[in-house]
Amino acid sequence: MRLRFAVLTLAFANSAHAQGPLPSAEGRVADLKFFRAEFMAKDRSYSADARKKAEDRLSKLETEAAGMTQVAFDLELARIVAIADNGHTAYFASTRSWRKNRVPLRLVPFGEEFYVLHADDANRDLVGARVDAIDDRSIGQFVATARMLSGGTSAWRDRSVPYFLESPEQMYALKQSKEPGQATYRFTLPGGKKLERRLVASVDSAANPWPGRWLYDQPNAVWAFQQQGTPFRWRDAPEIDGMVIELRQTYNAPNLPIRVFLDSMRTQLTQKKPRNLVLDLRMNGGGDLNTTRDFLQALPGLVPGRIFVLTSPWTFSAAISSTGYLKQAGKDRVTIVGEMVGDRLEFFSEGRTITLPNSGGIILYATERHDYKTGCKGFTDCHGPVVRNPIAVPTLEPEIKAPWTIESWLAGRDPGMAAVEKALKP
């Protein structure tokens, strides 16, 4: 895998397309012809039944596209892509949303609930608040609708749900909110107080950062959410008689190849001889699984005590592969802590992105299977590197559950590290 969703969505959202005019009816029709040739003909992630459903919806869209609004067109196309139910098969929510309006709040999922982690000055009092309802309808109804626009597990789909919840225009197009330009949100503040506020939306042509970015905007942030721009980090951790290594991506940084960093970690482990190790992959959206494999397979031989891997629904793509390689190599000496990773143990990846020539949205298709349950036994369509270096693990479910919560985020506490400390106590 050579793709990291957080980077893709941020880069694409700030593309030159954001400055162009809205596509014409002819432009939408042309986009569908392009979509058929460059996406439907190449993607391999749909089951036979899912492909039939997608083709039926696509045929209907082709008859209606010329008379649709652009927002309805984009959302229907996203739904067609999402029918594959594959996390790597995606109409990126950020690029789908770049010309759509948004209220001045930024939401982030914790579990199955959504909280305000960023707001403009007029709504700063809402930071930390849970969204309970929009226009007198429960938030669950909106989330269920938004999940139809992305594929994969429910938790992974929720990484894209904020783009929908923040946009009255998108919600109105799918008959959820009452008006396209504003909506009334109901909140529960951190202290338990209930509050209702009508928010007016506006269109901003600037980049749409991935929702996880807002986790880093906290004055008393724990170490895991400090130095957002640093992709690879480590620290001594005397509280666990060990070290912590944090990988936020599994591909090269502009001025630091990941293998150079990992080689330096081998040196540190050899010299410092920490008894225990924590590998933090909670905010790692992936990259290239080949870059970390050798280090992770060797890691159990470099650490005499216990190894903990911190994961979350943000842990995706090659970060899941990395977790699998380490768990397979270390077996019971490796303990997964946190929340379930962002995908199933069988999925399709290894595709390419296409850009709709008129609408400007970015869509990713997938062509090769990854199977981490059986090591790709019995399949002929698996990704070459995982055929040559298979992963076969029964599960990547955390042995110790330690999810991020809004309370821990606001208080500057790290539930994953707290769980590790507790596990190491005699």
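Residues numbered from 1 in each chain as written. Predicted model: local features only at pLDDT ≥ 70, side-chain atom pairs only at ≥ 80, totals over all residues. Heavy atoms only, no water.

Draft legend 1. View of helix α12 (residues 318-330). Between the first and last C-alpha of α12 there are 18 Å, a value that for 13 residues agrees with the 18 Å anticipated at 1.5 Å per step. Within α12, 11 of the 13 residues are buried, which leaves the element mostly enclosed by the surrounding structure. The secondary structure elements touched by the buried residues of α12 are β10 (276-280), α11 (293-298), β11 (307-311), β12 (334-338) and α13 (384-388). (Helix = DSSP H or I, 4+ residues; strand = E, 2+ residues; numbered from the N terminus. Expected span 1.5 Å × (residues − 1). Buried < 20%, exposed > 50% of the residue type's maximum accessible area, 1.4 Å probe, protein only. Contact = heavy atoms within 4.5 Å.)

Draft legend 2. Broad picture of the packing of helix α2 (residues 25-40) against helix α4 (residues 70-82). One can describe the packing of α2 onto α4 by two numbers: an axis separation of 12 Å at closest approach and a directional angle of 15°. As the angle between them shows, α2 and α4 are arranged roughly parallel. Read as a crossing pair, α2 and α4 show a hand that is right-handed. Here Arg28, Asp31, Leu32, Phe35 and Phe39 of α2 lie close against α4, whose contacting residues are Gln70, Phe73, Leu77, Ile80 and Val81. Here the residues of the contact of α2 with α4 are counted per class, giving 7 nonpolar, 1 polar and 2 charged. (Axes fitted to C-alpha atoms, helices over the stretch in contact; angles between N-to-C directions. Parallel < 35°, antiparallel > 145°, perpendicular 65-115°, else oblique. Left-handed = near helix turned anticlockwise from the far one by under 90°. Nonpolar A, V, L, I, M, F, W, Y, C, P; charged D, E, K, R; others polar.)

Draft legend 3. Just the environment of glutamine 268, in detail. Along the chain, glutamine 268 turns up in helix α10 (residues 258-272). Each C-alpha atom of the pair glutamine 268 and methionine 243 lies 9.5 Å from the other, and the pair is 25 residues apart in sequence. Among residues more than four places away in sequence, those in contact with glutamine 268 are Trp234, Met243 and Lys273.

Draft legend 4. Structural view of helix α6 (residues 139-147). Listed as buried for α6 are Ile139, Phe142, Val143, Thr145, Ala146 and Arg147. On its buried side, α6 packs onto β3 (113-119), β4 (130-134), β5 (137-138), α7 (154-157), α8 (161-165) and α9 (168-173).

Draft legend 5. Geometry of the packing of aromatic side chains. Overall, the coordinates contain 10 aromatic pairs when judged by the stated rule. An angle of 75° between the planes, with centres 5.2 Å apart, marks the rings of tyrosine 216 and phenylalanine 225 as edge-to-face. Classification of tyrosine 216 as buried rests on a relative accessible area of 8%. With relative accessibility at 4%, the residue phenylalanine 225 sits in the buried group. Ring centres 4.7 Å apart and planes at 35° place the aromatic pair phenylalanine 225 and tryptophan 404 in the tilted group. (Phe/Tyr/Trp six-rings, centres within 6.5 Å; stacked < 30°, edge-to-face > 60°.)

Draft legend 6. Structural context of the sheet that holds strand β15 (residues 362-364). As summarised here, the arrangement of the 3 strands in space is β1-β15-β14, forming an open sheet in which the pairing is antiparallel. In this open sheet, the two edge strands, each paired with only one partner strand, are β1 (90-91) and β14 (353-355). Strand direction decides the pairing type here: β1 and β15, joined by 2 bridges, are antiparallel. Across the sheet, residue tyrosine 91 finds its bridge partner in β15, namely isoleucine 363. Each of β14 and β15 is contacted by α2, which is oriented at about 170° to β14, the strand it contacts most. (Pairing = 2+ DSSP bridges.)

Draft legend 7. Expanded view of the nonpolar core. With 50 residues, the main nonpolar core has Phe35, Leu77, Leu165 and Phe187 as its most contacted residues. Those residues in contact with phenylalanine 187 that sit more than four places away from it in its chain are Leu105, Val116, Leu126, Ala129, Arg130, Val131, Asp132, Lys193, Lys194, Leu195, Arg197 and Leu199. Counting 21 residues, the second-largest nonpolar core is a separate cluster that includes Ile258, Val303, Leu326 and Val334. (Core = buried A, V, L, I, M, F, W, Y, C linked by side-chain atoms within 4.5 Å.)

Draft legend 8. Region of interest: the state of the cysteines. By the definition in use, this model includes 1 disulfide. Through a disulfide, cysteine 376 is tied to cysteine 382; the S-S separation comes to 2.2 Å. Its torsion about the S-S bond being -95°, the disulfide of cysteine 376 and cysteine 382 is classed as left-handed. The exposure class of cysteine 382 is buried, given its relative accessible area of 11%. (Disulfide = S-S within 2.5 Å.)

Draft legend 9. Molecular detail of the environment of glutamine 218. Following the sequence through the fold, glutamine 218 ends up in the loop between β7 (194-200) and β8 (232-237). Given the relative accessible area of 15%, glutamine 218 is considered buried. Sequence-wise, glutamine 218 and leucine 189 are 29 residues apart; in three dimensions their C-alpha atoms are separated by 17 Å. Every residue in contact with glutamine 218, bar those within four places of it in the chain, is listed here: Trp409 and Leu410.

Draft legend 10. Seen up close, the confidence of the model for the protein. Predicted confidence across the protein gives a mean pLDDT of 94, with 94% of residues reaching 70 or more. Here residues 2-7 is a poorly scored stretch, pLDDT under 50, and it has 28 contacts once near neighbours within four places are set aside; other chains count. Low pLDDT (under 50) marks residues 9-19, which in the prediction has 29 contacts with non-local residues, meaning those over four places away or in another chain. (pLDDT = per-residue confidence, 0-100.)

Draft legend 11. Summary view of the side chain of asparagine 284. Mapped onto the elements of the fold, asparagine 284 is located in the loop between β10 and α11. Looking at asparagine 284, the relative accessible area reads 0%, which means it is buried.

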